[in-house]
Each structure stands twice: as C-alpha cells, then as structure tokens.
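Residue-level structural notes
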Amino acid sequence: MDLRGLHLFCPPSARIKRSWSGRLLANRVAFSALLGAALLLAVSTDSAHAEFTVCNQTLDVVNLALGQKIDDADQTDGWWTIGANQCVNVIREELTNRYVYLYATDVFGHAILSGSTEMCVDRHRFSIRGIDECWQRGHIAARFVEVDTLEQVRWTYFLTGNGP
C-alpha cells in the first residue's frame, strides 16, 4: 500500500490554519469595506435628487404619457415604455407641482390607466404644450389620471391595472 497520498486526508497544520484564518479575516474586512462603500454611495446618490417614478406592477408592457405644468403652461410628454414589474423615472428633478397626470396604454393602444382630465397625446414620441383643442391641433385627446403628490419632492406611483 502506498502511503504518499495520505497527507491529503490529514487535518491541516496549525501554520496552515493561521494562514487560512488570516486570509479569511482579510477577505471579510475587504468585503465589509466594499459593502459599506456601496451602501454609502447608494444613500448619497439616492438623496442627491428627487424624482417621480412609475412602477408597472402589471403583467403587461405599458406605454406611459405624463402631464404637468411647466413654466405655468400645461405640457404632456410621452412615451415611456415600462416592462412588467419594472420602474421608470419619468421626472428626474425635484417635484415642483403638487399634481402630476398619467395616461397609460397597453401595446395595442388600449387605455389601461384613464382618468377624468383631458390632455393631448400623439401616436409617436411627443412633447405638447397646451391641453386645449387637441384634435384641431392634430393630436389625440386622452383622459389622464390626476396624481396628488402631496407636495412631496419625490413620489412613486404603482400601476397595478386595478385603477388608480
């Protein structure tokens, strides 16, 4: 019987144990420092800006249009495409309006989020100033849902498909 390979099955020596524990400790310290830096970065960048985020909690892809006051005039912008269980930041700066307006359709153009405030949209990407006389100006009239942000600087709206 050959006994040369037997040392592989023996427990490690004290010197090897110290070496392993030293490496393990160094790796834990490095990992903790990296994790702490990542958390600090996430917290600092998270508080650096405010935004209006829409999260699509439906099982469908939705197309979203946004209405808001900009320079004392009503404006609508679109489209943001939001996949199922995804979120999109549609306003990236601090919210200055208490009310934001949303309209959403499925991929076939059927309204899945519709409210009582009529504003203008278009078939393709758009930015439209004014909400009056949509048809006369070559746009489509759509009924937007009014979202009250309670004058917060950051807001997340969850689109569930069950109404506003």
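Use the structure listed above.
Owing to the predicted nature of the structure, the values given are computational and were not obtained by experimental measurement.

**Observations regarding the side chain of Thr-76**
Within the secondary structure layout, Thr-76 lies in strand β3 (residues 73–82). By relative accessible area, Thr-76 is classed as buried at 0%. Engagement of the side chain of Thr-76 in a polar contact is seen with the backbone oxygen of Cys-120, the distance being 2.7 Å. Excluding anything up to four places from it in sequence, Thr-76 contacts Leu-66, Gly-67, Met-119, Cys-120, Phe-126, Ser-127, Ile-128 and Phe-144.

**So, the pattern of salt bridges**
If you walk through the whole model with that rule in mind, you get 4 salt bridges. Between Lys-69 and Asp-74 there is a salt bridge, with its nearest N and O atoms 3.1 Å apart. Owing to a relative accessible area of 42%, Lys-69 belongs among the partly exposed residues under this scheme. Between Arg-143 and Glu-118 there is a salt bridge; the shortest N-O distance is 3.8 Å. Placement of the pair is Arg-143 in strand β9 (residues 140–148) and Glu-118 in strand β7 (residues 117–121), with a sequence separation of 25 residues. By relative accessible area, Arg-143 is classed as partly exposed at 40%. A relative accessible area of 39% means that Glu-118 is categorised as partly exposed.

**What about a nonpolar patch on the surface?**
Taken together, the side chains of Val-61, Val-107 and Phe-108 define a hydrophobic patch exposed on the protein surface, amounting to about 320 Å² of accessible area. Residue position: Phe-108 is located in the loop between β5 (99–105) and β6 (111–113). A residue is classified by how much of its surface remains accessible, and Phe-108, at 68% relative accessible area, is exposed.

**Things to note about the sheet that holds strand β10 (residues 155–159)**
Taken in spatial order, the 3 strands of this open sheet run β4-β1-β10, and their pairing is mixed. In this open sheet, the two strands that pair with only one neighbour each are β4 (86–91) and β10. Averaged over neighbouring strand pairs, the angle between their axes works out to 25° when direction is ignored.

**Details of the pairing of β9**
With 4 bridges connecting them, β5 and β9 associate as antiparallel partners. Looking at β9, one finds that Tyr-99 is bridged to Asp-148. As paired strands, β7 and β9 are joined by 5 bridges and run antiparallel to one another. Paired with Glu-118 across the bridge in β9 is Arg-143.

**Observations regarding unusual backbone geometry**
Across the chain, the bulk of peptide bonds are trans and the bulk of non-glycine residues have phi less than zero. Residue Trp-79 is bonded to the preceding Gly-78 through a cis peptide linkage, with omega at 5°. Within the secondary structure layout, Trp-79 lies in strand β3. Despite not being glycine, Asp-71 has its phi angle at roughly 55°, a positive value. Inspection of the secondary structure puts Asp-71 in the loop between β2 (62–70) and β3. Taking the relative accessible area as the measure of exposure, Asp-71 reaches 68% and is therefore exposed. Unusually for a residue other than glycine, Asp-72 sits at a positive phi of about 60°. Tracing the backbone through its elements, the reader meets Asp-72 in the loop between β2 and β3. Residue class for Asp-72 comes out exposed when judged on its relative accessible area of 76%.

Rules of the game
- Residues numbered from 1 in each chain as written.
- Predicted model: local features only at pLDDT ≥ 70, side-chain atom pairs only at ≥ 80, totals over all residues.
- Heavy atoms only, no water.
- Helix = DSSP H or I, 4+ residues; strand = E, 2+ residues; numbered from the N terminus.
- Buried < 20%, exposed > 50% of the residue type's maximum accessible area, 1.4 Å probe, protein only.
- Polar contact = N/O pair within 3.5 Å; in protein donor to acceptor, adjacent residues only side chain to side chain.
- Contact = heavy atoms within 4.5 Å.
- Salt bridge = Lys/Arg side-chain N within 4 Å of Asp/Glu carboxyl O.
- Patch = residues over 30% accessible without salt bridge, like charges linked within 9 Å, V, L, I, M, F, W, Y side chains within 5 Å.
- Areas by Shrake-Rupley, 256 points an atom, 1.4 Å probe, with all protein chains shown as cover.
- Pairing = 2+ DSSP bridges.
- Axes fitted to C-alpha atoms, helices over the stretch in contact; angles between N-to-C directions.

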